[in-house]
Amino acid sequence: IAANLTDVIEGLITRILINMPPRYLKSLAASVAFPAFLLGRDPRRRIICISYGNDLSAKHAADFRSIVESPWYRAAFPKMRISRIVDSDIITTAHGFRRATSVNAALTGLGGDCFIIDDPLKPVDAQSETQRNSLNQWYSNTLLSRLDNKETGVIIVVMQRVHMQDLSGYLLEQPDEWQTLRLPAIAEEDERICTGPDTYH
């Protein structure tokens, strides 16, 4: 995960899909630690983190806040200073932010240069064709329009696979080129996974 997110930071990837089972720290890595690192390097970044519900979004936001308010983080990234905190949103003195929302909340008036979509669909909801189609259309009709720059803006999707036609399946059928990282709980075949520049395991 870190190797792929490093490529995002360096501008090598703008669309990445990470599929992993639950309880493997994918949310901690992508929705909590990564935004903290990104804003630490550049407090102007405009990051919007989106999950299936407000409770999950608020949990990730609280974990993020505990990191960026810690003494060790402030020592490591002295240029990243918090201007204000509004509910689960943190705004920096450089006018960057990490906003937390859900797929059911309105994005009207919100724009960003990095969207992190983390578990956008509950497994029980994935069995509903209506719910799946609603999420997929929300991505195409609403989310994409909120990117500040369609060419350089980053979209990261982190989720467990819950249906063949879930958001991951939908995105892989789109013309956009998606970097994909699939880490199943039990490997079905031998595979080489990149863990850094010219490093594979």
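Since we're looking at a predicted model, the values are computed, not measured. (Residues numbered from 1 in each chain as written. Predicted model: local features only at pLDDT ≥ 70, side-chain atom pairs only at ≥ 80, totals over all residues. Heavy atoms only, no water.)

Moving on, we come to a negative patch on the surface. There is a patch of like negative charges on the surface, built from Glu 188, Glu 189, Asp 190 and Glu 191. Here Glu 188 lies in the loop between strand 8 (179–182) and strand 9 (194–196). Note on Glu 188: relative accessible area 80%, which makes it exposed. (Patch = residues over 30% accessible without salt bridge, like charges linked within 9 Å, V, L, I, M, F, W, Y side chains within 5 Å. Areas by Shrake-Rupley, 256 points an atom, 1.4 Å probe, with all protein chains shown as cover. Salt bridge = Lys/Arg side-chain N within 4 Å of Asp/Glu carboxyl O. Lys, Arg positive; Asp, Glu negative; His and termini not counted. Charge placed at Lys NZ, Arg CZ, Asp CG, Glu CD. Helix = DSSP H or I, 4+ residues; strand = E, 2+ residues; numbered from the N terminus. Buried < 20%, exposed > 50% of the residue type's maximum accessible area, 1.4 Å probe, protein only.)

Once that is clear, we can look at the pairing of strand 3 (residues 82–86). Bridge analysis of strand 3 against strand 4 (residues 89–92) gives four bridges, and the strand direction is antiparallel. Opposite Ile 82, over in strand 4, you have Thr 92 as the bridge partner. Counted between consecutive antiparallel strands, the loop separating strand 3 from strand 4 contains two residues, among which Asp 87 sits at a positive phi close to 55 degrees. (Pairing = 2+ DSSP bridges.)

A few words now on the pattern of salt bridges. Pairing of side chains with opposite charge becomes possible as their charged atoms draw close. Under the criterion given, the structure shown has eight salt bridges. Across the pair Asp 119 and Lys 26 runs a salt bridge, and its minimum N-O distance is 3.9 Å. Of this pair, Asp 119 sits in the loop between strand 6 (114–118) and helix 5 (129–143) while Lys 26 sits in helix 2 (residues 26–41), and the two are 93 residues apart along the sequence. The pair Asp 119 / Lys 26 is uniform in exposure class, with both members buried.

Summarising the element assignment, Asp 166 is placed in the loop between strand 7 (154–159) and helix 6 (167–172). A polar contact of 3.2 Å, which involves the side chain of Asp 166, links it to the backbone nitrogen of Ser 168. Here the side chain of Asp 166 touches Gly 169 through a polar contact of 3.0 Å, landing on its backbone nitrogen. If near-sequence neighbours (up to four positions away) are discounted, Asp 166 is found in contact with Arg 132, Asn 136, Met 159, Gln 160 and Arg 161. (Polar contact = N/O pair within 3.5 Å; in protein donor to acceptor, adjacent residues only side chain to side chain. Contact = heavy atoms within 4.5 Å.)

The geometry of helix 1 (residues 2–9) relative to helix 2 is characterised by a closest axis approach of 12 Å and an angle of 35 degrees between their N-to-C directions. Considering only the axes of helix 1 and helix 2, their crossing is right-handed. Here Leu 5, Val 8 and Ile 9 of helix 1 lie close against helix 2, whose contacting residues are Ala 29, Ala 30, Phe 34, Phe 37, Leu 38 and Arg 41. Residue classes in the contact of helix 1 with helix 2 are distributed as eight nonpolar, no polar and one charged. (Axes fitted to C-alpha atoms, helices over the stretch in contact; angles between N-to-C directions. Left-handed = near helix turned anticlockwise from the far one by under 90°. Nonpolar A, V, L, I, M, F, W, Y, C, P; charged D, E, K, R; others polar.)

The values are spatial; any link to function lies outside them.
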